[in-house]
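Now for the letters of each chain:
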Amino acid sequence: MMDFTGYVVSAGDLIPLLPPIVLTVAAVWVMLAIGARRHYPFALASTLAGLLLAGLLAHHLMAGPDPSPIPLLTMDGFAQFFTVLICVLAIGVCLLAHNYWSEFDDQREEFYLLVLLATLGAVVLVGANHFASLLLGLETLSMALYGMLAYPVQSRRQATGRALEATVKYLILSAVSTAMILFGVALIYAETGSLLFAGLAELPAGQNTGFSIVALLLVAAGVAFKLSLFPFHIWTPDVYEGAPAPATAYLATIGKIAVAVVLLRLVVETRALGIVQVVIAFSLLALLSILAGNLLALQQDNLKRILAYSSIAHMGYLLIAVIGGFYAVGPVGVEAVTFYLVAYAIMTLGAFGVVSLLSCDREEFDGIAQYQGLFWRRPALAAAFTGMLLSLAGIPLTAGFIGKFYLILAGVESGLWPLLAALVIGSGIGLYYYLRIVYRMLLPVPDDAPELRRGRAGFGVVAALFALILLFGVYPAPLMKLIEAIAL
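The notes below deal with the structure included here. (Residues numbered from 1 in each chain as written. Predicted model: local features only at pLDDT ≥ 70, side-chain atom pairs only at ≥ 80, totals over all residues. Heavy atoms only, no water.)

### Focus on a nonpolar patch on the surface
So, step 1. The grouping of Val153, Leu164, Val168, Leu171, Ile172 and Val176 at the surface amounts to a nonpolar patch, some 470 Å² of accessible area in total.
So, step 2. Tracing the backbone through its elements, the reader meets leucine 164 in helix H7 (residues 161–192).
So, step 3. Residue classification places leucine 164 among the partly exposed positions, given a relative accessible area of 45%. (Patch = residues over 30% accessible without salt bridge, like charges linked within 9 Å, V, L, I, M, F, W, Y side chains within 5 Å. Areas by Shrake-Rupley, 256 points an atom, 1.4 Å probe, with all protein chains shown as cover. Salt bridge = Lys/Arg side-chain N within 4 Å of Asp/Glu carboxyl O. Helix = DSSP H or I, 4+ residues; strand = E, 2+ residues; numbered from the N terminus. Buried < 20%, exposed > 50% of the residue type's maximum accessible area, 1.4 Å probe, protein only.)

### What to know about the pattern of salt bridges
So, step 1. As enumerated under the stated definition, the model contains nine salt bridges in all.
So, step 2. Across the pair arginine 38 and glutamate 109 runs a salt bridge whose closest N-O atoms are separated by 3.0 Å. Here the residue arginine 38 occupies a position in the loop between helix H2 (18–36) and helix H3 (40–62), and glutamate 109 occupies one in helix H5 (residues 109–126), the gap between them amounting to 71 residues.
So, step 3. Classification of arginine 38 by relative accessible area gives partly exposed; the value is 34%.
So, step 4. A relative accessible area of 4% means that glutamate 109 is categorised as buried.
So, step 5. Here the salt bridges do not stand alone but share partners, grouping Glu165, Lys169, Asp238, Glu241 and Arg305 into one network.

### Regarding helix H4 (residues 77–100)
So, step 1. Its 24 residues place the ends of H4 35 Å apart at the C-alpha level, agreeing with the 34 Å of an ideal helix rising 1.5 Å per residue.
So, step 2. Burial of H4 is extensive: 21 of the 24 residues sit out of reach of the surface. (Expected span 1.5 Å × (residues − 1).)

### Describing the environment of lysine 256
So, step 1. With respect to the helices, strands and loops of the structure, lysine 256 is situated in helix H11 (residues 245–270).
So, step 2. A relative accessible area of 0% places lysine 256 in the buried class.
So, step 3. In sequence terms lysine 256 and alanine 122 are 134 residues apart; their C-alpha atoms lie 9.4 Å from each other.
So, step 4. The residues touching lysine 256, leaving out its near neighbours within four places in the chain, are Lys226, Leu227, Ser228, Tyr240, Leu251, Ser311, Met315 and Tyr344. (Contact = heavy atoms within 4.5 Å.)

### Quick notes on unusual backbone geometry
So, step 1. That bond from phenylalanine 230 to proline 231 is cis: its omega, 5°, falls within 30 degrees of zero.
So, step 2. The backbone of serine 228 shows a phi angle near 55°, a positive value even though the residue is not glycine.
So, step 3. Along the chain, serine 228 turns up in the loop between helix H9 (211–226) and helix H10 (236–242).
So, step 4. Take serine 228: its relative accessible area is 0%, and that puts it in the buried class.
So, step 5. The phi torsion at leucine 397 lies on the positive side, around 75°, for a residue other than glycine.
So, step 6. With respect to the helices, strands and loops of the structure, leucine 397 is situated in the loop between helix H16 (379–393) and helix H17 (399–414).
So, step 7. Of the residues examined, leucine 397 reaches a relative accessible area of 56% and is grouped as exposed.

### A closer look at the nonpolar core
So, step 1. By size, the foremost hydrophobic cluster in this structure holds 181 residues, and its most contacted members are Leu134, Tyr250 and Tyr371.
So, step 2. With 19 residues, helix H14 (residues 332–358) is the single largest residue contributor to this core.
So, step 3. Setting aside residues up to four positions removed in sequence, tyrosine 250 forms contacts with Ala90, Val93, Val115, Ala118, Thr119, Leu141, Leu145, Met148 and Gly255. (Core = buried A, V, L, I, M, F, W, Y, C linked by side-chain atoms within 4.5 Å.)

### Let's talk about the side chain of asparagine 302
So, step 1. Looking at the element boundaries, asparagine 302 is found in the loop between helix H12 (276–297) and helix H13 (303–327).
So, step 2. There is a polar contact of 3.0 Å between the side chain of asparagine 302 and the backbone nitrogen of lysine 304.
So, step 3. Asparagine 302 has contacts with Glu241 and Asp366, leaving out every residue within four places of it along the chain. (Polar contact = N/O pair within 3.5 Å; in protein donor to acceptor, adjacent residues only side chain to side chain.)

### Notes on the packing of H3 against H5
So, step 1. Between H3 and H5, the least distance of the axes is 8 Å, while the angle of their chain directions is 15°. With respect to H5, the axis of H3 lies roughly parallel. Every pair of crossing elements has a handedness; the one defined by H3 and H5 is left-handed. Contacts from Tyr40, Ala43, Leu44, Thr47 and Leu51 in H3 reach Glu109, Tyr112, Leu116 and Thr119 in H5.
So, step 2. Its residues assigned to classes, the contact of H3 with H5 comprises six nonpolar, two polar and one charged. (Axes fitted to C-alpha atoms, helices over the stretch in contact; angles between N-to-C directions. Parallel < 35°, antiparallel > 145°, perpendicular 65-115°, else oblique. Left-handed = near helix turned anticlockwise from the far one by under 90°. Nonpolar A, V, L, I, M, F, W, Y, C, P; charged D, E, K, R; others polar.)

### Quick notes on the packing of aromatic side chains
So, step 1. Scanning the entire structure with this criterion turns up 19 aromatic pairs.
So, step 2. Where tyrosine 433 meets tyrosine 434, the ring centres are 4.7 Å apart and the plane angle is 55°; that geometry is what we call tilted. Comparing tyrosine 433 with tyrosine 434, the two get one shared label, buried.
So, step 3. One aromatic cluster is present, formed by Tyr40, Tyr100, Trp101, Phe111, Tyr112 and Tyr151 through successive ring pairs.
So, step 4. The aromatic ring of tyrosine 40 is capped on one face by arginine 108, whose charged end is 3.8 Å from the ring centroid. (Phe/Tyr/Trp six-rings, centres within 6.5 Å; stacked < 30°, edge-to-face > 60°. Lys NZ or Arg CZ within 6 Å of the ring centre and 35° of its normal.)

### Regarding the environment of tyrosine 146
So, step 1. Here tyrosine 146 shows up in helix H6 (residues 131–149).
So, step 2. When its relative accessible area of 11% is taken as the criterion, tyrosine 146 is described as buried.
So, step 3. Sequence separation of tyrosine 146 and alanine 247 is 101 residues, and the distance between their C-alpha atoms is 9.5 Å.
So, step 4. In this structure, tyrosine 146 is in contact with Thr167, Tyr170, Leu171 and Ser174, ignoring residues within four places of it in sequence.

Right, dumping it as structure tokens:
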């Protein structure tokens, strides 16, 4: 293990940790404010201020020199970039939640406290370089998510059973995945005597056998659950469907991004893909996730379940870049993963943003049939939703297309032809079920169509995300240059 006894912490060492420190202070401030006097606008404003300040600090630190090594965390430019992204996405979720909980018949302030705590866990994850910080960040994120997913259970209304069911499923299976990671970490410590990610890479050539292989596979299986990769995906559609829309949006974006970043750092620092068995396992996870996610989405009529299976396929696409980055020349794999995560976050939050904008705690607006005629009732919202769906499908002039182009580039440079074939087939299948939703929105408005909810803050989030989808699809050069700089 790392020996911290001789390590002296200076004020300069704390500067890279300012974003998580600000998030911690904001969470304590909101908690104390709730305990002193409940005031919903103040709790929301405090949460937004904390997230904004943490994001601005991370943006400032991202452009500076790489910090000196500190125990447990590597808050370099790469980690600070994703800290900015996570804070921006969390702000979007809070604004969407403001509209969603507007008619909630119980206390609403604690939801924003949970958002702050989950964001703190996600920021710790993206900077983790040690299995202790990985588990600390992962459990902080997961514990807060349990509360977010079950939040409507406080309601005195009857329609709270689905949220409770979703939370219990996620809780039990998440505990199993954490146990697998812990067992794998124990085996790694038995093999290397260290809990640093880089400890495995320091083993002499030829000693990556026995415990280390089994350990890496166990850790990979636990992480695969968090990313809902096949066959560890079984919880995903039920949890997505049963949870409140803002919590689902958080889980589908920030929850996936943080785990994907720590997986990438783990793979790079341990050199795990230099082991044949690990490469085979990752390749099977990617192949099966792409095919199963897209094929199962064809059978769904619930929008949130379609997006759940779609996310399984997208995480499979992402693994192509993770694998390809190990064998490609240069940092193309890291660049591909980074750009794709940005694009995935924008288009997924935008899609769930539309659901959140039209839903409330009483009723989720998640059946495909409910979106019939949306183009004629709310044309701007339907156009933005169409843009998100087409970007998820990888249509040109959207960020999703550039992201998939990056994935194909990483796969071609590494010769991953079977996985690239699965990507092409999966993208074709995905286009069909995305266009099903667009087609339904173009149909005439039914006679019994319910009244649609409105929300300025929520619509502003969706509109901004739609603009980013088009901007990064038409003019991605500034984002590419930034990603190239931090990928090194």
